[in-house]
Amino acid sequence: MEQLVTALRAIGEPTRLRILSLLSRGELTVSELVSVLGQSQPRVSRHIKLLASAGIIERLPEGTWVFYRLADHGRGQKIAQSVISLFDDTDRVMARDLERLEAVKHARTNAANAYFAEVAKDWAHIRSLHLSENSVEAALREAAGKQRFKSMLDIGTGTGRMLEVFGQHTERALGIDLSHEMLNLARLNIEKAGLENCSVRHSDLYNLPFEDDKFDLVCIHQVLHYLDEPRTALREAVRVMAPGGLITIVDFAPHQLEFLREQHAHRRLGFTDAEMENWMQMSGLKNITHRALRPDIQDASANHLTVKIWTGERHSTTATAEARA
Ligand SMILES: C[S@@+](CC[C@H](N)C(=O)[O-])C[C@H]1O[C@@H](n2cnc3c(N)ncnc32)[C@H](O)[C@@H]1O
């Protein structure tokens, strides 16, 4: 009873109701809330603090920034959703807030697009060397099977594409990445796709901020070839998989395209099946599968890349000694 009263008191104030309405449209930083609400930063921060300590909203630090979003579990979530369902779309103050929110999002989109325009040039070049992304994604969906997943983790989510591919087949999906710019893009993309069950978080894939045995689907899509320690990254990924959970790894078969190292920061020029399967087994995975997707090329001498999809299931009992070491 006391908790409920505290939560209702935290919400029962006009600015805090406006904050709730804004956060129901996606994650926002304090400075974004400040520019929409037109109030001073200390005032907005005080409102936010009250909502956060009542469990109505959550604080997500990301480097020097902090994002806020509605609680996604527990009593705080239920209370927030109940109150939001009572909002009147024709309320003048809230309607004006939403107009200002659009302007804030527009500025954010422009900044993200400018960044993406730079990396997209690189990606487009690399993509032109392999089978279309549509074909790779179709093969990946097939490899993951038809089941619905409860919780997915996309490691090195980039623009959040894997969240879009699997978001509808998963109750909750989370993407992590080390790049703030990429996370901004991913946030925009999942908002645009209306995927309310998906979110992203800043984190290093070598040190995931999750307990063991948590996710029943883990994806690592075109990430391992950038890493110094792909094997360590894989072991960390398997650690957070639920027993019986599935991992999908997409990367390249061994190739000779040195310019990917020199100009695109690739460290590894692909992976052999033997190497990957050995790492997967040593990390505590079983039922390992692999398939190769070769581009349709006429000219045998042309530069090209074969995309590989490896899948594996986490042992349902304790993992191997190496995985636990
Ligand atoms: C080529 S992108 C792939 C993005 C996405 N998986 C896709 O296929 O569209 C590689 C991503 O890995 C991320 N990354 C690299 N090292 C990382 C690390 N140590 N921790 C988390 N993310 C990392 C990069 O920031 C980048 O977004």
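This text follows the structure it describes.
Draft legend 1. Representation of the overall build of the protein. Scanning the protein from terminus to terminus reveals 13 helices and ten strands. For 325 residues, the compact-globule estimate of 2.2 N^0.38 gives 20 Å, and the C-alpha radius of gyration of the protein, at 22 Å, lies within 12% of that figure. Relative to its 325 residues, the protein shows a buried fraction of 49%. Sequence separation of at least 24 residues holds for 69% of the intrachain contacts in the protein that already meet a minimum separation of 6. Counting only carbon and sulfur atoms, one obtains 50% of the accessible surface of the protein, whose full area is about 16,300 Å².

Draft legend 2. Structural view of the sheet that holds strand 4 (residues 149-155). Spatially, 6-5-4-7-8-10-9 is the arrangement adopted by the seven strands of the open sheet, whose pairing is mixed. Pairing within the sheet leaves two strands with one partner each, and these edge strands are strand 6 (198-202) and strand 9 (285-293). Between one strand axis and the next, the sheet turns through 15° on average, direction left out of account.

Draft legend 3. Layout of the environment of L195. Take L195: it is sitting in the loop between helix 9 (180-192) and strand 6. Separated by 168 residues in the primary sequence, L195 and E27 place their C-alpha atoms 13 Å from one another. Setting aside residues no more than four positions away along its own chain, L195 makes contact with L163, E164, G167, Q168 and I190.

Draft legend 4. How the structure looks around the environment of S35. Residue position: S35 is located in helix 3 (residues 30-37). Under the relative-accessibility criterion, S35 is labelled partly exposed at 45%. In this structure the C-alpha to C-alpha distance between S35 and E262, which are 227 residues apart in sequence, comes to 43 Å. Sequence-distant contacts of S35, that is, excluding residues within four places in its chain, are made with R100 and V104. Within the structure, S35 has its side chain in polar contact with the backbone oxygen of E32 (distance 3.2 Å).

Definitions and cut-offs
Residues numbered from 1 in each chain as written. Predicted model: local features only at pLDDT ≥ 70, side-chain atom pairs only at ≥ 80, totals over all residues. Heavy atoms only, no water. Helix = DSSP H or I, 4+ residues; strand = E, 2+ residues; numbered from the N terminus. Rg over C-alpha atoms; globule rule 2.2 N^0.38 Å. Buried < 20%, exposed > 50% of the residue type's maximum accessible area, 1.4 Å probe, protein only. Contact = heavy atoms within 4.5 Å. Areas by Shrake-Rupley, 256 points an atom, 1.4 Å probe, with all protein chains shown as cover. Pairing = 2+ DSSP bridges. Axes fitted to C-alpha atoms, helices over the stretch in contact; angles between N-to-C directions. Polar contact = N/O pair within 3.5 Å; in protein donor to acceptor, adjacent residues only side chain to side chain.

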